[in-house]
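# Coordinate analysis (summary)
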Amino acid sequence: MLKHLLNPLSVSEGGSTGILSNNGLGAVLSRAGVGKTSLLVQFAIHSLFNNRKVLHISLDDSVKKIHVWHKEIFRSMATDIDLPENVWEKILSNRFIMTFRVEGFSVPKLEERLSDLIEQKIFKPDMMIIDGLPFDENISGSLEAIKKLSEKINSKVWFTVRTHRHEEIAPNGLPTQIADFSDMFEYIINLNPQEKEIKVEVLKGRDDEVNEESLYLDPSSLLLFEK
Amino acid sequence: MKTDINKVRNIGISAHIDSGKTTLTERILFYTQRIHAIHDVKGKDGVGATMDSMELEKERGITIASAATFCEWKKHEINIIDTPGHVDFTIEVERSLRVLDGAILVLCSVGGVQSQSITVDQQMKRYKVPCVAFINKCDRSGANPFKVINQLRDKLGHNAVAMQIPIGLEEKLEGVVDLIEMKAIYFDGDNGEILRKEDIPENLAAEAAEKREALLESASMFSDELMEAILEEGEISADLIIDAVRKGTLLREITPVYMGSAYKNKGVQPLLDAVNNILPCPSEIENQALDLDNEEEPVVLSSSIDDPIVALAFKLEEGQYGQLTYIRVYQGALKKGDTVVNVRTGRKIKIGRLARMHAAQMEDIEMVPAGYIGALFGVDCASGDTFVHPDINLTMTSMFVPEPVISLAIVPVDKKSEVNISKALSRFTKEDPTFTTYVSDETGDTIISGMGELHLEVYVERMRREYKAEVETGKPRVAYRETITQRAEFNYTHKKQTGGSGQYGRIAGFIEPFSEGDFEFENKITGGSIPTQYISSCEKGFQSCLKKGPKMEFPVTGVKIQINDGASHSVDSSEMAFQAAARGAFMEGYLKAKPVIHEPIMKVVVETPTEFQGGVMGSLNQRRGIIVGTQDEGAICVVEAQVPLSEMFGYSTNLRSLTQGKAQFTMEFLTYRQVPQSIAEEIVKAAAEEKKK
């Protein structure tokens, strides 16, 4: 189990750099409830264990809920390992949760909040998770602005993108929500629920070395595993 | 005593300190004929309002303790639980919120939704208490009830709907227009006791029609019948509207808003009608108890009076009649002569006298059925105790009481205060399980401990006011703890030869960190290397070291000691000798096991207008806080952090000046965590200096 925390799988944010470049954008797609956030929380924990700071921005849930989410996933990843007592504490100080109401969220607002944190030397993220941005709506402006922000503060960004069951696929083979912006993303990952497990499909990757054939999420724990 | 549960209301009146809560309560008692004259808060007549029964509250014009008062309005029995408005009296607030089924949220028409209204509202949200709002002080200059309604929507996220509009405002306030009956109501007589209903003044007709439309639109979401009636454009009966509003209110999806001025005797009676018509009766609320035979698993209580009794003692008061215990019965009925069990102590109690209280006056009754509130006399118990039928083992409150995290030495200034202090302390410790007291072995001072700086300050103040006990207080002290971080072996021989029989004992084993409790002792001696009769002396010796760590003199927790070898002497070994050997062994092992200091960490939640968010986070960061996250809620932002208690002294002043007094915070104990090395050194130094003194 220790490898869940430290030794990165072929698709993960562990190791010395993680799969996205320093200010790259990535997206995890799936229908509601399949495990987008869980996968990204695991990416967050991989990053945290490699001493990279993570900002989790949610437009759906409360701070409390996300905090519990992190804690639970950390616990299940860390079962059977004898970790020093203060590991969770260290994780806490390297992680920051920000929640907004969907309608109250804007990139300038996020930027303002972030500069508050950075200027006072409270927190500067190496990775951001933006959970719940409504890709069904027109968000090209927001995406451009987030891209600029990521370059400015040198932080990679992972998004969750919600897709729908019966939906047409765009000519480039990607779900419509993301088809028009695919150039902006280094990585696009799709979670495809199958009979017994959830397959992690890399629709777009930075290089071809990814061995995506063998990556899955366990549907009960929502933890990544490699066959 | 009547027992139609549908006509019972247990309500709280919750509000910001200065929004006129006590005045409103006073008027309610007057119109329901529980009192026959009106006294004002901070009144010139020296009587004071009836609900504030504590001296301290009278003086400051605020309400701290929750007294329960009974009154009757149009054949409904209303129990008013006076809830503390202050954020820091957590146990009291939570207890009173458990007891009530519905609430009136009082807001000031000038000040609107203030920081404290936000806290109070959040507490009600947490306990899912349905409420109606009353916008008070409409006679004040600057009054604007519709601004407040908008704030209710924006700041608190309520679906607030006006049930009335005011007739005139500020000094011209004459009455209100009832948007259900579409009638103007005026309040005549010396004290507004005579209601006069008239047609709506012409200049308000258009506004009234518009607001009624908005009311119908909101209410129709909860009633198909009302929706149909609106679509058919026929006559819409008042009952139909009230019924829809009631449904929405019980779901907490609509907040009906009433308005007026309690001080000017306007608008109180329609609010009382709303309590009867809109707020829930006890049987409409689901109450849960915890099953002690089944790992505190929640159990839903029935409101039937035939089931076994379950009652909660939610408030104790020392009154002119002796100790008075306020109870709420959740299931069954409590009758005079019944025998019940106090779940916490397991003791049986025979119910002698039962009464119904009206602040400081009372009325004897025979029985308190489910859903009702009453008072017991001469029962020895603590607040939060549950009384049940001898056959069941349920509790209304979890048996878990957090350990106090801060303490303060108090010294009486004279002989008289000394006597009074002990009376006060015995009362307070019964009322509040998080407040404890003991006498320090070293200094002989009385030490009080609790959950925060303010928590203790309030009790010191109450000693002065209620018990005339003047005390001097020391500096607040944080309850640090010591523990070890690694396993270490010991092998210690205690040997003394002083003429006559000597002392001899050798103990060997190890000490290691233990996460499942404070202390564990394990005996693995084989072959009698330490004779069995001395093993308990060994344990005693180790335990005596725990009170004060050998390094920093804080209590030691989280250690396991195993002894596995030793030696004794047929003449010189004794219980004393093995106790001394254990102390030596402890010292030897402990210092090798890398001891560290742990400090209490508090969960701090600050609610601040968004513009001050940066400053607030900075202030928490400076205090060694870890910021868990920020939650953006429109105009306000909630910052959640974990901060060491030792860094939180004086934070309220700091926060006030940072945010122009617009932010507020709550703080509760979270966990113990290791103190960083640099800080630990300072603590050790300070402790050493104090010892020298």
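Our subject in this report is the structure included herewith. Just so it is clear, the model here is predicted, and its values are computed rather than measured.

Each value, and the rule that gives it
- Numbering of residues starts from 1 in each chain and follows the order in which that chain's sequence is written.
- Here every chain gets a letter starting at A, and every ligand a number starting at 1, in the order they are written.
- At least 70 in pLDDT is required for a residue's local features to be given in this predicted model, at least 80 for side-chain atom pairs to be given and counted, and no such filter applies to totals for whole chains, interfaces and linings, which use all residues.
- In this text, helices come from DSSP runs of H or I with a minimum length of four residues, and strands from runs of E with a minimum of two, each type numbered from the N-terminal end.
- Backbone-placed C-beta atoms define the burial measure: a residue is buried with 20 or more other C-beta atoms within 10 Å of its own, exposed with 12 or fewer, and partly exposed in between.
- Strand pairing is defined by DSSP finding a minimum of two bridges between the two strands.
- Lines fitted to C-alpha atoms define the axes here, with helix axes fitted over just the stretch in contact, and angles between the N-to-C directions of these axes take values from 0 to 180 degrees.
- For classification purposes, an angle smaller than 35 degrees is called roughly parallel, one larger than 145 roughly antiparallel, one from 65 to 115 roughly perpendicular, and anything else oblique.
- Left-handed describes a crossing whose near helix is turned anticlockwise from the far helix by less than a right angle; the clockwise case is right-handed.
- This entry defines residue contacts through backbone-placed C-beta atoms, with two residues in contact when those atoms are within 7 Å.
- Each residue receives one of three labels: charged for Asp, Glu, Lys and Arg, nonpolar for Ala, Val, Leu, Ile, Met, Phe, Trp, Tyr, Cys and Pro, and polar for the others, Gly being one of them.

### A look at unusual backbone geometry
All names here are of chain B. Of note, the phi angle at K137 is positive, near 60°, even though the residue is not glycine. Tracing the backbone through its elements, the reader meets K137 in the loop between β5 (131-136) and α5 (145-154). C-beta crowding within 10 Å serves as the criterion here: with 28 such atoms nearby, K137 is assigned to the buried category. Of note in this structure, K594 is not a glycine but carries a positive phi near 50°.

### Side note on the pairing of strand β13 (residues 297-300) of chain B
Residue and element names in this part refer to chain B. The pairing of strand β12 (residues 288-291) with β13 spans four bridges and is antiparallel. Its bridge partner being in β13, Q288 is matched across the sheet by V300. Remark: five residues form the turn of the hairpin made by β12 and β13, two consecutive strands paired antiparallel; E295 in that turn has positive phi of roughly 50°.

### Remarks on the pairing of strand β4 (residues 102-108) of chain B
Residues and elements named next belong to chain B. When you tally the buried positions in β4, you get seven out of seven residues, the bulk of the element. Here β4 shows no split at all, with G102, I104, V106 and C108 on one side and A103, L105 and L107 on the other all buried. Sheet topology places strand β1 (residues 8-15) next to β4; five bridges connect them, and they run parallel. Bridge pairing in β4 places S14 opposite L105. Two elements, β4 and β5, share six bridges in a ladder whose sense is parallel. Its bridge partner lying in β5, A103 is registered against C131.

### Describing the packing of helix α10 (residues 415-431) of chain B against helix α11 (residues 453-467) of chain B
Helix-helix packing is described using two parameters, namely the angle between the two axes and the distance between the axes. Residue and element names in this part refer to chain B. The interhelical angle for the contact between α10 and α11, taken along N-to-C directions, is 120°, at an axis separation of 10 Å. As judged from the angle between their axes, α10 and α11 are oblique. Where α10 crosses over α11, the handedness of that crossing is right-handed. Of α11, the residues touching α10 (which contributes N420, I421, K423, A424 and F428) are Y459, M463, E466 and Y467. Taken together, the residues that form the contact of α10 with α11 break down as six nonpolar, one polar and two charged.

### Quick notes on the sheet that holds strand β9 (residues 183-188) of chain B
All names here are of chain B. Ordered in space as β7-β8-β9-β10, the four strands form an open sheet in which the pairing is antiparallel. Where the open sheet ends on each side, the last strands, each with one partner, are β7 (164-167) and β10 (194-198). Within this sheet the neighbouring strands show an average axis-to-axis angle of 30°, counted without direction. Across five bridges, the pairing between β9 and β10 is antiparallel. Each bridged residue has a counterpart across the sheet, and for Y186 the counterpart in β10 is R196. Those strands touched by helix α6 (residues 202-220) are β7 and β8 (175-178), and its axis lies near 160° from that of β7.

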